Amino acid sequence: MKTIIAAYSQNRSGSRASIQAALHTLLTVPWPSQREFRACIQLLSVLQWVLSFLLMGIVFLFLLVYLVFTSFWPVSALYFAWVIFDWDAPEQGGRRSAWVRNWPVWKHFRDYFPIQLVKTHSLLPSHNYIIGAHPHGILCVGAFCNFITESTGFSEKFPGIRPFLATLAGNFRLPVFREYLMSGGLCPVTRRAIGYLLSQSGSGNAVAIVIGGAAESLSCQPGVTTLILKNRKGFVRMALQHGAHLVPAFSFGENDLFRQVVFEEGSWMRGIQKRFQKLVGFAPCVFYGRGLTSIQSRGFLPYPKPITTVIGEPVTVPRIKEPSHETVDLYHAMYIRSLLKLFNDHKAKYGLSEVDELRIL
């Protein structure tokens, strides 16, 4: 019995010594500095954003379909009934939420790059506007941060203006994801949705459209400033029909966030990309960014490169119900001149050189 007690006491002493050694080791390990902790939070904020746009809609679609075959089927039934009832909401102004737009996570998202919004001219609440957002980049990071969140102070810089951002209509067919998109101020890039905001939702609305679209993303490369705009005139016609002023906006640094494998025009891979784009509305880009562990690793997260979105001078547009082709061409040319002026006036301030030129295709 004494032998057992002695062994037990020795074992307890050994365990106590092990715990003390472990605690000592833990205390000697350097804790992350405030800067490192802040960088980690910023990285996680970008990760949640990327995963939300890539997976949220698909995950909830499969989840709701799965629940149909379980005892929780009423959840799916009620939600799908709600979607049918609410089907037209995205094209009728949606449901913006000031609470969602002001989530603290967006400030960490902004600071990761960082992103800033520069105002050059005022926008009057008595008018409606179509903002041409350039360039598209891979994921339109600058446009999202500036127009869908309040992290860069859009409402403070442009009081009385409600910003919206047009995106693929197919995104609003995905369950739960559609609610998430509408809460920030995203709307389908359709004539009906944009027309509603410009004509039936009062004044002070600014609809941002990424004019170059999926075609422009295929040529996105760091240091490249090429826009698909020469034959994109639908937004000008819509502005004329509703009397909405045209505002150019350029996000310097947008194309530096990812590295992309760009296939030459005429190659079979480029052909596949274009056919896929026509079929589903977006282009399958072959790109990579940084990984979770370090900037040197490869993954699907954007590189922390600064983005500066400059809002240019509005082009005053009259209201013409049925504008002629000549009138559309005239205001399209005026818009391009305003965009070129914005680019040339600010390129040297935000990462480009004086000799860099904006190519418009």
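Residues numbered from 1 in each chain as written. Predicted model: local features only at pLDDT ≥ 70, side-chain atom pairs only at ≥ 80, totals over all residues. Heavy atoms only, no water.

- The name an unreviewed UniProt entry gives the protein is Acyltransferase, with Platysternon megacephalum as the organism.
- According to UniProt, the comment filed for the protein under the heading Sequence similarities (unreviewed entry) is "Belongs to the diacylglycerol acyltransferase family."
- The UniProt entry for the protein carries the following comment under Subcellular location (unreviewed entry): "Endoplasmic reticulum membrane". (UniProt positions renumbered as here; feature names shortened; annotations may be inferred.)

## A few points about the packing of helix α2 (residues 34-68) against helix α5 (residues 105-112)
- Two elements in contact, α2 and α5, have axes whose closest approach is 8 Å; the angle formed by their N-to-C orientations is 105 degrees. In terms of orientation, α2 lies roughly perpendicular with respect to α5. Residues Ile41, Gln42, Leu43, Ser45, Val46, Gln48 and Trp49 of α2 touch α5, and the partners they reach there are Val105, Trp106, His108, Phe109, Asp111 and Tyr112.
- Grouping the amino acids of the contact of α2 with α5 by side-chain chemistry returns eight nonpolar, four polar and one charged. (Axes fitted to C-alpha atoms, helices over the stretch in contact; angles between N-to-C directions. Helix = DSSP H or I, 4+ residues; strand = E, 2+ residues; numbered from the N terminus. Parallel < 35°, antiparallel > 145°, perpendicular 65-115°, else oblique. Contact = heavy atoms within 4.5 Å. Nonpolar A, V, L, I, M, F, W, Y, C, P; charged D, E, K, R; others polar.)

## Looking at the pairing of strand β11 (residues 307-311)
- Along β11, five of the five residues are buried, which leaves the element largely enclosed by surrounding structure.
- Burial along β11 is two-sided: Ile307, Thr309 and Ile311 facing one way and Thr308 and Val310 facing the other are all buried.
- For strand β1 (residues 115-119) and β11, the ladder comprises five bridges, and the chain directions are parallel. Residue pairing across strands places Gln116 opposite Thr308, the latter belonging to β11.
- The pairing of strand β7 (residues 245-252) with β11 spans four bridges and is antiparallel. (Buried < 20%, exposed > 50% of the residue type's maximum accessible area, 1.4 Å probe, protein only. Pairing = 2+ DSSP bridges.)

## Section: the side chain of Asn128
- Relative to the elements of secondary structure, Asn128 occurs in the loop between β1 and β2 (129-134).
- For Asn128, a relative accessible area of 9% corresponds to the buried category.
- Here the side chain of Asn128 touches Gly202 through a polar contact of 3.1 Å, landing on its backbone oxygen.
- One polar contact links the side chain of Asn128 to the main-chain amide nitrogen of Gly204, over a distance of 3.1 Å.
- In this structure Asn128 touches Leu197, Leu198, Gly202, Ser203, Gly204, Asn205, Ala244 and His245, once residues within four positions along its chain are discounted. (Polar contact = N/O pair within 3.5 Å; in protein donor to acceptor, adjacent residues only side chain to side chain.)

## Topic: the UniProt feature "transmembrane region" (unreviewed entry) in the protein
- If you check UniProt for "transmembrane region" (unreviewed entry), the listed places come out as residues 43-66 in our numbering.
- Summarising residues 43-66: 100% helix, 0% strand, and an end-to-end C-alpha distance of 32 Å.

## Examining the pattern of salt bridges
- Under the counting rule described, the total for this entry stands at ten salt bridges.
- Where Asp88 meets Arg192, a salt bridge forms, and the shortest distance between an N and an O atom there is 3.5 Å. Residue Asp88 is found in the loop between α3 (73-85) and α4 (98-101), and its partner Arg192 is found in helix α9 (residues 191-199); the two are separated by 104 residues along the sequence.
- With relative accessibility at 43%, the residue Arg192 sits in the partly exposed group. (Salt bridge = Lys/Arg side-chain N within 4 Å of Asp/Glu carboxyl O.)

## Describing α3
- Compared with the 18 Å implied by 1.5 Å per residue over 13 residues, the 18 Å span of α3 between its first and last C-alpha is a close match.
- Here α3 has its buried residues at Ser76, Tyr79 and Val83. For α3, the angular spread of buried residues about the axis comes to 70 degrees, placing them on one side. The exposed set on the far side of α3, more than 90 degrees from its buried face, consists of Leu78, Ile84 and Phe85.
- Where α3 is buried, its residues meet α2 and α8 (177-184). (Expected span 1.5 Å × (residues − 1). Arc of directions from axis to C-beta.)

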